[in-house]
Amino acid sequence: MTVSESRIPDTPSSVHGVSDVVRIGGVTRVQRTFAFIDVSGFTAFTDREGDAAAVLVLEKIRGNIRRLASVHGVRIAKWLGDGAMIVGVEPEPVIEAVVDMIEANREMTSMPLRAGVASGDVILFEGDDHIGQAVNLASRLSDLAGDDEILAPRSMMTSLLVNTRAVAAGEQHVPGIAAPVQLVRLESAED
Amino acid sequence: MAKGDSGFETEVVKVLAALRPGEIMTYGEVAAEAGFPGAARAVGRVLRVSDNLPWWRIVTSTGRLVPGLEAEHAGLLESEGVMVKDGRIVN
């Protein structure tokens, strides 16, 4: 997953349920939440097990992501090889969908997932593409996340999450982003 | 809200509406029973935005009650004969 580098402030604008569409300087800006989720270690798995085995695993993982995106009311904007870019208007369904995806995947396959989530104003580009800092940040956080881990900026946390908690993950330098970002790790609050 | 064209919310509501007093399910069990295994948090989302559903009959997989509503949750469960201790149902 490569995205253009840009400067992202420590606290990107959060959405918290607002879905305003704003036209500024001739471009349409919308508030969205993005998640990038991908298979951790997929390249090594493919190298070890072969292309056919990798495709079988990927079919299962994609099916899981597709099914849970649908029930949570969020959209798969793009498939990215062993990952996906997920978009939603409100943060909570995106976060909860990703937590469910990782939990369900853990029971279905031996390949861990990892994800990054971020919210903010973005430009709606050519109808169905999104350009903006929140997209870049979500992608970079996915790259930073460990096995079965979801990272997000602390600024986008809400108290409305269902069975999901945010655990402080400290201030980290995110590659391609000038200012350090206060992060949280999102995880199940079932226990 | 859990939405989309999957029929998820309709199926979840059917499962929840069929629960009788004293019957307890976890979010994950409701999702699986509705035909959507793994969608536990989407069940919670349906409960959060819907009225007239027996939300108190649903607990987490560890039996924990709804955070912030423990007293009300426990009261409703105990009125149906379900034992609660330290914020969790007692099996």
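In what follows, the structure referred to is the one given above.
Undergrad: Any details on the overall build of chain A? Residues and values, ideally.
TA: The helix and strand inventory of chain A stands at four helices and nine strands. Walking chain A from its N terminus toward its C terminus, one meets helices and strands in the order β-β-α-α-β-β-α-β-β-α-β-β-β. When burial is assessed residue by residue, chain A has 43% of its 191 residues classed as buried. For chain A, contacts bridging at least 24 residues in sequence account for 69% of all contacts bridging at least 6.

Undergrad: I'd love a proper account of the nonpolar core, names of residues and values included.
TA: The tendency in soluble globular proteins is for nonpolar side chains to be buried side by side. Formed by 68 residues in total, the largest nonpolar core has its most connected members in F34(A), I86(A), V98(A) and V117(A). Looking at this core element by element, the count peaks at eight residues for helix α3 (residues 91-108) of chain A.

Undergrad: Go over unusual backbone geometry, please, and point to the residues and values.
TA: All names here are of chain B. The phi torsion at N52 lies on the positive side, around 65°, for a residue other than glycine. Inspection of the secondary structure puts N52 in the loop between α3 (40-49) and β2 (58-59). Residue N52 is classed as exposed on the basis of its 8 C-beta neighbours within 10 Å. One non-glycine residue, D86, adopts positive backbone phi at about 55°. Note that D86 resides in the loop between β3 (84-85) and β4 (88-89). Residue D86 is classed as exposed on the basis of its C-beta count, with 10 C-beta atoms lying within 10 Å.

So, how was this worked out
Residues numbered from 1 in each chain as written. Chains lettered and ligands numbered in written order. Predicted model: local features only at pLDDT ≥ 70, side-chain atom pairs only at ≥ 80, totals over all residues. Helix = DSSP H or I, 4+ residues; strand = E, 2+ residues; numbered from the N terminus. Buried ≥ 20, exposed ≤ 12 C-beta atoms within 10 Å, placed from the backbone. Contact = placed C-beta atoms within 7 Å. Core = buried A, V, L, I, M, F, W, Y, C linked by C-beta atoms within 7 Å.

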